[in-house]
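Here's the letter readout for the chains.
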Amino acid sequence: MILSMTAFGAARIENEHGALTIEVRSINNRYLDLNLRLPDELRFAESKIRERIARHLARGKVEFRVNYSLTRNPLVQSLDTEALQMIARQLEQARQFIPDTPAPTLASLLQNEGERNSLDPEQW
């Protein structure tokens, strides 16, 4: 196993949902100095990423950069009829308590359908 502290590595994964790119650069340093560059949407995972890196590294100045892009399908071929029936039942129940509850718009139904078909971050 190579134990050099000066290194560069990059990885990219792509699928129908989008692409994720990770780059790691390190140089010699007496202590562990992590510099994470994450998109705002992934800031919630920063502490877990730091923990995982620290499990494997004891020292070095390490820059860890993550970029991702999700593939957005602007057109959904069809709506899930079972999901629409469930939404209709829920709307009916809501209107028993709040009679003027508005129906969802077609745009919001399509957006929700697209979100159900989007990538779960746990899969990366």
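Quick caveat, the model's predicted, so the values are computed rather than measured. (Residues numbered from 1 in each chain as written. Predicted model: local features only at pLDDT ≥ 70, side-chain atom pairs only at ≥ 80, totals over all residues. Heavy atoms only, no water.)

**Considering the overall build of the protein chain**
The secondary structure content of the protein chain amounts to three helices and four strands. Reading the protein chain from its N end, one meets helices and strands in the order β-β-β-α-β-α-α. Looking at the protein chain alone, contacts between residues at least 24 apart form 65% of all its contacts between residues at least 6 apart. (Helix = DSSP H or I, 4+ residues; strand = E, 2+ residues; numbered from the N terminus. Contact = heavy atoms within 4.5 Å.)

**Details of the environment of Phe 8**
Mapping Phe 8 onto the fold places it in strand 1 (residues 7-15). Here the alpha-carbon distance between Phe 8 and Ser 26, two residues 18 residues apart in the chain, equals 6.5 Å. Beyond its immediate sequence surroundings of up to four residues, Phe 8 is in contact with Glu 23, Val 24 and Arg 25.

**Notes on the nonpolar core**
Listed in full, the eleven residues of the largest apolar core are Leu 20, Leu 34, Leu 36, Leu 38, Leu 42, Ala 45, Ile 49, Ile 53, Val 62, Phe 64 and Val 66. When contributions to this core are tallied by element, the ones reaching two or more residues are strand 3 (32-37), helix 1 (46-56) and strand 4 (60-70). The greatest single-element share of this core, amounting to three residues, is contributed by strand 4. (Core = buried A, V, L, I, M, F, W, Y, C linked by side-chain atoms within 4.5 Å. Buried < 20%, exposed > 50% of the residue type's maximum accessible area, 1.4 Å probe, protein only.)

**A closer look at the pattern of salt bridges**
Counting across every chain of the model gives five salt bridges. As a salt-bridge pair, Arg 25 and Glu 23 come within 3.6 Å of each other at their nearest N and O atoms. Given the relative accessible area of 39%, Arg 25 is considered partly exposed. Look at Glu 23 and you get partly exposed, because its relative accessible area is 22%. Across the salt bridge formed by Arg 50 and Glu 46, the nearest N and O atoms sit 3.2 Å from each other. Note that Arg 50 and Glu 46 are positioned in helix 1 at a spacing of four residues, about one turn of the helix. Given a relative accessible area of 31%, Arg 50 falls into the partly exposed group. (Salt bridge = Lys/Arg side-chain N within 4 Å of Asp/Glu carboxyl O.)

**Comments concerning the confidence of the model for the protein chain**
Put simply, the protein chain has an average pLDDT of 81, and 80% of its residues get 70 or more. Helix 3 (residues 106-116) is the least confidently modelled element of the protein chain, averaging 66 in pLDDT, while strand 3 averages 94, the highest of any element. Taken together, the stretch residues 117-124 has pLDDT below 50 and engages in nine contacts with residues farther than four places along the chain or on a different chain. (pLDDT = per-residue confidence, 0-100.)

**Quick notes on the environment of Arg 30**
Its location among the elements puts Arg 30 in the loop between strand 2 (18-27) and strand 3. Classification of Arg 30 as exposed rests on a relative accessible area of 62%. Sequence-wise, Arg 30 and Ala 58 are 28 residues apart; in three dimensions their C-alpha atoms are separated by 9.2 Å.

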